[in-house]
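Below are the chains, spelled out letter by letter.
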Amino acid sequence: MGWDELRATVKGCTACPLRAGCTQTVFGVGDENADWLLIGEAPGAEEDRLGEPFVGQAGRLLDNMLAALELRRGENVYIANVLKCRPPGNRNPEPDEVAKCSPYLRRQIQLIQPKLIVAMGRFAVQTLLDTDSTIGSLRGSVHAYQGVPLVVTYHPAYLLRNLPDKAKAWADLVFARKTIKQ
Ligand code: URA
């Protein structure tokens with residue numbers, strides 16, 4: 001499946017109940033040949049309204065952190081979520097929803113062929129690495145998803161509530177940049 005077909009398939013997807021309760025699917029955004037692929041959990045209210053990942057308050061923090069690395073969404077960066085539809089009330093995704101939606105992200109990764117995946121937040125990290133381990137225990141190492149190097153960090157929405165951990169997230173991004181350069 002190429003980009004156009006994948007985009008259309010996601011747009012028309014009714015494989016799980018989430019699509020019935022959201023405004024629109026949120027496919028992903030950015031440079032389709034990016035070295036950096038950032039992956040979050042699922043669209044929130046603003047993302048559901050606008051159809052783009054990380055456009056709310058957490059997204060602004062993410063953009064600022066990218067800017068500190070001299071990166072910008074759309075330029076060598078692609079941003080996507082594990083789930084393409086907003087769970088009602090931002091509840092945690094159900095295993096069946098993840099199972100139905102995961103093939104879309106897998107295909108996005110195959111098409112992008114990023115040099116590095118940055119998994120943001122417990123949900124994305126534990127889903128992609130198929131683990132119950134905490135972010136704290138997984139930070140600072142290079143893992144892999146589908147053969148692509150993967151590093152983990154905190155979710156920007158979590159950082160907004162836990163400002164002291166911003167320094168750790170910054171360290172994670174510096175580690176990511178070092179990994180990508182190697
Ligand atoms: N949180 C996420 O995990 N993804 C978004 O797109 C927005 C908020």
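What you see is a predicted model; the values in this text were computed from it and never measured.

Colleague: Is there a simple way to think about the packing of helix α1 (residues 3-11) against helix α5 (residues 95-112) in this case?
Modeller: If you want to describe how two helices pack, look at the angle between their axes and the distance between the axes. Interaxial distance between α1 and α5 falls to 11 Å at its minimum, and their mutual angle equals 160°. Accordingly, the angle class assigned to the pair α1 and α5 is roughly antiparallel. Viewed along their axes, α1 and α5 form a crossing whose handedness is left-handed. Contacts between α1 and α5 involve Trp-3, Leu-6, Thr-9 and Val-10 from the first element and Tyr-104, Arg-107, Gln-108, Leu-111 and Ile-112 from the second.

Colleague: I would appreciate a short explanation of the sheet that holds strand β1 (residues 29-30) in the present structure.
Modeller: Sheets are built from strands that pair by backbone hydrogen bonding, the pairs being arranged parallel or antiparallel. In spatial order, the strands read β1-β3-β2-β4-β6-β5; together these six strands make up an open sheet with mixed pairing. Each edge of the open sheet carries a strand with a single partner, namely β1 and β5 (143-145). Sheet contacts for α5: β2 (36-40), β3 (77-81), β4 (116-120), β5 and β6 (148-153); angle to β3, the most-contacted strand, approximately 170°. Helix α6 (residues 122-129) contacts β2, β4, β5 and β6 of the sheet and is inclined by roughly 150° relative to β6.

Colleague: What is the right way to read the nonpolar core from this model?
Modeller: As a rule of thumb, soluble globular proteins bury nonpolar side chains together. The biggest cluster of nonpolar side chains holds 59 residues, and the ones touching the most others in it are Trp-36, Leu-38 and Val-118. Tallying contributions element by element places α5 first for this core, with six residues. When near neighbours in sequence (up to four residues on either side) are disregarded, Val-118 contacts Trp-36, Leu-37, Leu-38, Ile-39, Val-151, Thr-153, Leu-173 and Ala-176.

Colleague: Which parts of the structure should I look at to understand the packing of aromatic side chains?
Modeller: The way to describe two aromatic rings as a pair is by their centre distance and the angle between their planes. For the coordinates displayed, the defined rule picks out three aromatic pairs. Between Trp-3 and Phe-27, the ring centres sit 6.0 Å apart and the planes meet at 75°, which makes this aromatic pair edge-to-face. Placement of the pair is Trp-3 in helix α1 and Phe-27 in the loop between α2 (18-21) and β1, with a sequence separation of 24 residues. The exposure class of Phe-27 is buried, given its relative accessible area of 8%. On the numbers, 5.8 Å between centres and 35° between planes, the contact of Trp-3 with Tyr-78 is tilted. Taken as a pair, Trp-3 in helix α1 and Tyr-78 in strand β3 lie far apart in primary sequence, 75 residues in all. As far as burial versus exposure is concerned, Trp-3 and Tyr-78 are alike and both buried. Three or more aromatic residues joined by ring pairs form one cluster here, namely Trp-3, Phe-27 and Tyr-78.

Reading the values: the criteria
All chains use their own residue numbering, which begins from 1 and follows the written sequence. Owing to the predicted nature of the model, reporting of local features is limited to residues with pLDDT of at least 70; listing and counting of side-chain atom pairs is limited to 80 or more, with chain, interface and lining totals taken over all residues. The side-chain quantities take in all heavy atoms of the structure and omit both hydrogens and water. Here an axis means a line fitted to C-alpha atoms, over the contact stretch when the element is a helix, while the angle between two N-to-C directions is reported on a 0 to 180 degree scale. Secondary structure elements follow DSSP: runs of H or I of four or more residues count as helices, runs of E of two or more count as strands, with numbering from the N terminus. Here roughly perpendicular refers to angles of 65 to 115 degrees, roughly parallel to angles under 35, roughly antiparallel to angles over 145, and oblique to all remaining angles. Crossings are assigned a handedness: left-handed for a near helix turned anticlockwise from the far helix by less than a right angle, right-handed for a clockwise turn. Note on contacts: a residue pair is in contact if any heavy atoms of the two residues lie within 4.5 Å. Two strands pair under a simple rule: DSSP has to find at least two bridges between them. Buried Ala, Val, Leu, Ile, Met, Phe, Trp, Tyr and Cys residues form a nonpolar core when they are joined through side-chain atoms within 4.5 Å. For the exposure calls, accessible area comes from a 1.4 Å probe over protein chains only, and a residue counts as buried if that area is under 20% of its type's maximum, exposed if over 50%, partly exposed in between. Pairs were defined over the aromatic rings of Phe, Tyr and Trp, the Trp ring being its six-membered one, requiring ring centres within 6.5 Å. Orientation was assigned from the angle between planes: stacked under 30 degrees, edge-to-face over 60, tilted for the rest.

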